[in-house]
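Inside the fold
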Amino acid sequence: MTEQREQWGSRLGFILAAAGSAVGLGNIWKFPYLVGEYGGAAFILLYLVCVLVIGLPVVIAEILIGRTAQKNPIGSYRELSNGNPFWISVGVLGVATGFIILSYYNVIAGWSLGYVVESVTGRFHDFQNPGQAGELFGHLSSNPVWSISFHAGFMALTVAIIYTGVTRGIEKASKILMPLLLILMIILVCRGVTLEGAKRGMDYLLKADFSAITKQTVLIALGQAFFSLSLGMGALLTYGSYMSKKENLPKSAVSIVAVDTIIALLAGFMIFPALFAMGEHPDQGFPLIFNILPVVFNSIPGGYYFRIIFFVLLALAALTSTISLLEVIISYMIDEFELSRKKMAILFGTLVFLLGIPPALSFGVMSKVTIFGLTFFGLFDFLATNVFLPLGGICTAIFVGWFWGIKKALPQLREGAEDTAPLLLKTWAFVIRYIAPVLILIVFLSSLGIL
Ligand code: PHE
């Protein structure tokens, strides 16, 4: 029997859940380390351009596809393209990309859970400098038992929420967690910028030096924009499919993109002023926040408690993202094969866990196993973020702009958004047809050395 398709309880419910999907490790863990590795303020500017010019219009397009068809990514493309095999395969690519992202994303989410435990046991209590935190991080992340147990634990949490159903589980969780996370980050930013020597960090974030920007950097900024917005693989499409046509879609999209961008920027301001104050280098790669933050808390009164709360919130922010990733796969199984949500949650949770084992071991026993010079973790991340997501984005734009067609898309977009200025809608249509696909293509080709 088909389970009835649920809908969000309110517009806020949709925004919070989609923002919950968008805000996660991508903002707090990944964005700062990419900024540190790829040139500070110049990278941030590049990122902001990608988010505004390509990200926001494609977010609108992707949610619109889901809301119109009210189905999972594959079903939505099938319906709106009248069964065209090419467009169905775009949906398939999306679901597969979600599968890959979830497998390695969940490993890092597991680390954040592990750091909750380390914080509770007081492990960081007398750390004076990031070097000590870095040593502990290296020790933990290379320990197979530690990383696989938390990887398993985190997947179990994700499955448990998916198991209980969409609106009840996701909506409730997001409503409380996001504002809490925001408050704690603001406290950390305040601490960071008032440390002695923090000014160099502010300069690092605000004064752009474009000499370090290469073609490759542009692709990384674009990939990160997609990754951070949960864009290009059907997560927003799936959440949009639970959205009612009475709601203002463009407005919701703007809120989601704004929240995601603000949290990423805050994460930058939370790390770099403190980092420079402690005399550290910005290009520390993926361990960055795990090296810096545990130490910053030691300079805050009540730091022990704040540190625990921070890692709990980080884990929860990651959880609202892993939920959205798993939900894409589950909604597909439910819609297409009328299978039970509960059984599918357990089955796919297990499969994704297994796929995540090689990336989980990439920091220890399998660190020497490389493909094209990348570890499993590096390869999964590169392929998904810098290839499949932008590819999904280009296809979304071409589908809405040309194949399904702007003539059909615009009236759908106007539903619930009757008061939006026609010029804005026209601009969106223009960007989706011409600007977004062409820009993504240029970034792709130039990073391959073709342009
Ligand atoms: N946007 C999430 C984050 O920044 C990650 C994610 C990517 C979630 C793709 C869903 C789909 O943490």
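Here's what I pulled together on the structure shown here. Bear in mind the structure is a predicted one, so any value in this text is a computation, not a measurement.

About the criteria used
- All residue numbers refer to positions counted from 1 along the written sequence of the respective chain.
- A pLDDT threshold of at least 70 governs which residues receive local features in this predicted model, and a stricter bar of 80 or more applies before side-chain atom pairs are shown or counted, although totals over entire chains, interfaces and linings include all residues.
- The side-chain values count all of the structure's non-hydrogen atoms but skip hydrogen atoms and water molecules.
- Of the grid points, spaced at 1 Å and generated over the protein atoms alone, those admitting a 1.4 Å probe that cannot get out make up cavities, while open sets with protein on both sides within 12 Å along at least five of seven lines make up pockets; any residue with an atom within 4 Å of a point is treated as lining.
- Grid points are joined across faces, edges and corners, and a volume is the space filled by probe spheres set on the points.
- Per the convention used, a helix needs a DSSP run of H or I reaching at least four residues, while a strand needs a run of E reaching at least two, with both numbered from the N terminus.
- When at least one non-hydrogen atom of a residue lies within 4 Å of a molecule or strand, that residue is treated as near it.
- The term polar contact refers here to a pair of N or O atoms within 3.5 Å; inside protein, the definition further demands a hydrogen-donor-capable atom paired with an acceptor-capable atom, and it admits residues adjacent in sequence only when both atoms are side-chain atoms.
- To qualify as sitting in a cavity or pocket, a molecule needs more than half of its atoms within 2 Å of the grid points.
- Only Asp, Glu, Lys and Arg are considered charged in this grouping, and only Ala, Val, Leu, Ile, Met, Phe, Trp, Tyr, Cys and Pro are considered nonpolar; every other residue, Gly among them, is considered polar.

This brings us to empty space enclosed by the protein. Enumeration over the complete set of coordinates arrives at 3 cavities of 30 Å³ or more. Each pocket or cavity is described by its volume, and for the largest cavity that value is around 130 Å³. If you trace the largest cavity, you find 15 residues lining it, with Ser 21, Tyr 105, Phe 227, Ser 230 and Leu 325 closest to the centre. Every element with two or more residues in the lining of the largest cavity is listed here: α1 (11-22), α5 (85-120), α10 (215-228) and α14 (303-337).

To continue, consider the site of the ligand. Taken together, 14 residues sit near the ligand, with Ala 22, Gly 26, Tyr 105, Phe 227 and Ser 230 positioned nearest. Take Tyr 105: an N or O atom from its side chain is 2.4 Å from an oxygen atom of the ligand. Most atoms of the ligand, that is more than half of them, are within 2 Å of grid points of the largest cavity. Going through the elements one at a time, α1, α2 (25-37), α10 and α14 are the ones with two or more residues in the shell around the ligand.

To continue, consider the layout of surface pockets. Counted as a void, the largest pocket has a volume near 390 Å³. Lining the largest pocket are 20 residues, with Tyr 33, Leu 34, Tyr 38, Gly 378 and Asp 381 sitting closest to its centre. In terms of residue count, helix α17 (residues 376-403) provides more of the lining of the largest pocket than any other element does, 6 residues in total. The class makeup of the residues in the lining of the largest pocket is 9 nonpolar, 8 polar and 3 charged. As a volume, the second largest pocket reaches approximately 310 Å³. Surrounding the second largest pocket, 16 residues form its lining, Ile 60, Pro 250, Val 254, Leu 424 and Trp 428 being those nearest its centre. At the level of elements, α3 (41-69), α12 (249-277) and α19 (422-447) are the ones that each hand at least two residues to the lining of the second largest pocket. Element by element, the count of residues in the lining of the second largest pocket is highest for α19, at 5 residues. In the lining of the second largest pocket, the residues fall into 11 nonpolar, 3 polar and 2 charged.

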